[in-house]
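Survey of secondary and tertiary structure
Chain residues, written in single-letter form:
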Amino acid sequence: MPHLAEGIARFQREVFPAKAGLFARLATAHRPGTLFIGCSDARVVPELITQTDPGELFVVRTAGNLVPAHAPGADGGVTASVEYAVAVLGVRDVIVCGHSACGAMTALAEGQDLTAAPAVAAWLRHADAALARTAAGRRGDVPALVRENVTAQLANLATHPSVARALAEGTVRLHGWVFDIADGTVEDLTGAPHASLVA
C-alpha cells in the first residue's frame, strides 16, 4: 500500500497542477463522448491505451468484458451503467474491448474447472454464444474466442433498449476492439478485416 500513497502524493504534486484547469471544468461537467467496456484485467487500462484525459471515457470493466443481454427485470450494474452512458450522458461511441491472454476466455476455451469459483462460472455464461461459435473446430483457441466474444458482447449490447434506440436514431456507433498486451496493438473488429487502429 505505501506505493499507492506515494502515487497519490506524486499525482497531487506533479500531475494535478498541470491539469488544474481540466479538473476545474470536470468538477461541474461530466460529458464523456465514449463508453468503453473492457475487461477487469489489471493489465488493460483504457485511459492508458487510448491516451485520453479524465472525463473523456465512461468506463465499465467486467471479467471477460462481458455485457449481459437485456432481460426484463434483470437489473444490474452493467445494465445501469450502459443505460446511464447512452441515455443520460449521450455518448456517441461504445467500445467493447477484449484482450490477449484473457483469463476468463482462457478458462472457457480450455474448459477449466470453475467449481471453486461458482460466481465466476455463472458470470461467464454470458459468453456462451461466443464459446459455441468458437467450439466448432477451434476448441482451446483463446485468440479466436477473444474475438468471437467481442462480437457476441456487441450483439448483447444492442439488446439494451437505450442502445437499440440510439442505434435506430443513428446517435451512437458500436465498436469492437482487441488489445494485444505483448505488442500494444489494437485491432478493430468492426472496421476493415484485421484492421489495426495504428495509422
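Up top you'll find the structure we're talking about.
Quick caveat: nothing in here was measured; it's all calculated off a predicted structure. (Residues numbered from 1 in each chain as written. Predicted model: local features only at pLDDT ≥ 70, side-chain atom pairs only at ≥ 80, totals over all residues. Heavy atoms only, no water.)

1. Description of the overall build of the protein chain
What the protein chain contains, in helices and strands, is 9 helices and 6 strands. For 199 residues, the compact-globule formula gives about 16 Å, and the C-alpha radius of gyration of the protein chain, at 18 Å, lands near that figure. The principal-axis extents of the C-alpha atoms in the protein chain amount to approximately 55 × 45 × 40 Å. Expressed as a percentage of the 199 residues in the protein chain, the buried residues total 36%. Relative to all contacts within the protein chain whose residues are 6 or more apart in sequence, the contacts with residues 24 or more apart total 63%. Put simply, the protein chain has 15 plus and 19 minus side-chain charges, and the middle of one group is 4 Å from the middle of the other. (Helix = DSSP H or I, 4+ residues; strand = E, 2+ residues; numbered from the N terminus. Rg over C-alpha atoms; globule rule 2.2 N^0.38 Å. Buried < 20%, exposed > 50% of the residue type's maximum accessible area, 1.4 Å probe, protein only. Contact = heavy atoms within 4.5 Å. Lys, Arg positive; Asp, Glu negative; His and termini not counted. Charge placed at Lys NZ, Arg CZ, Asp CG, Glu CD.)

2. Considerations on the pairing of strand S1 (residues 34–39)
Of all 6 residues making up S1, 6 are buried, and the element is well covered by its neighbours. In the sheet, S1 pairs with strand S2 (residues 57–62) via 6 bridges, with the strands oriented parallel. Of the residues in S2, the one forming a bridge with Phe36 is Val59. With 5 bridges connecting them, S1 and strand S3 (residues 93–99) associate as parallel partners. Residue Thr34 lies in a different strand from S3, and its bridge partner there is Asp93. (Pairing = 2+ DSSP bridges.)

3. Considerations on the pattern of salt bridges
Under the defined criterion, the tally for this structure stands at 6 salt bridges. When the shortest N-O distance is used, the salt bridge between Glu14 and Arg13 registers 3.4 Å. For Arg173, the salt bridge is made with Asp93, and the minimal N-O distance between the two is 2.9 Å. Here the residue Arg173 occupies a position in strand S4 (residues 173–179), and Asp93 occupies one in strand S3, the gap between them amounting to 80 residues. For Arg173, a relative accessible area of 47% corresponds to the partly exposed category. We classify Asp93 as buried; its relative accessible area is 14%. (Salt bridge = Lys/Arg side-chain N within 4 Å of Asp/Glu carboxyl O.)

4. Considering the environment of Arg25
Mapping Arg25 onto the fold places it in helix H2 (residues 20–26). Residues Arg25 and Trp123, spaced 98 residues apart in sequence, show a C-alpha to C-alpha distance of 38 Å.

5. Overview of the state of the cysteines
Throughout the structure, instances matching the rule amount to 0 disulfides. Here Cys97 is not disulfide-linked; the sulfur of Cys39 is the nearest cysteine sulfur, at 9.3 Å. (Disulfide = S-S within 2.5 Å.)

6. What to know about helix H9 (residues 161–169)
Every buried residue belonging to H9 is among Ser162, Val163 and Ala166, and all of these are buried. Buried residues along H9 cover an arc of 95° about the axis, so they all sit on one side. At its buried positions, H9 is contacted by helix H4 (77–88), helix H8 (142–157) and S4. One or two steps after H9, the chain reaches Gly170, where phi turns positive at roughly 70°. (Arc of directions from axis to C-beta.)

7. Details of the environment of Leu66
By the element assignment, Leu66 lies in the loop between S2 and H4. Put simply, Leu66 and Cys39 are 27 residues apart on the chain and 7.7 Å apart in space, counted from C-alpha to C-alpha. Look past the residues within four positions of Leu66 in its chain and what remains in contact with it is Val78, Met105, Trp123, Leu124, His126, Ala127, Asn149 and Gln153.

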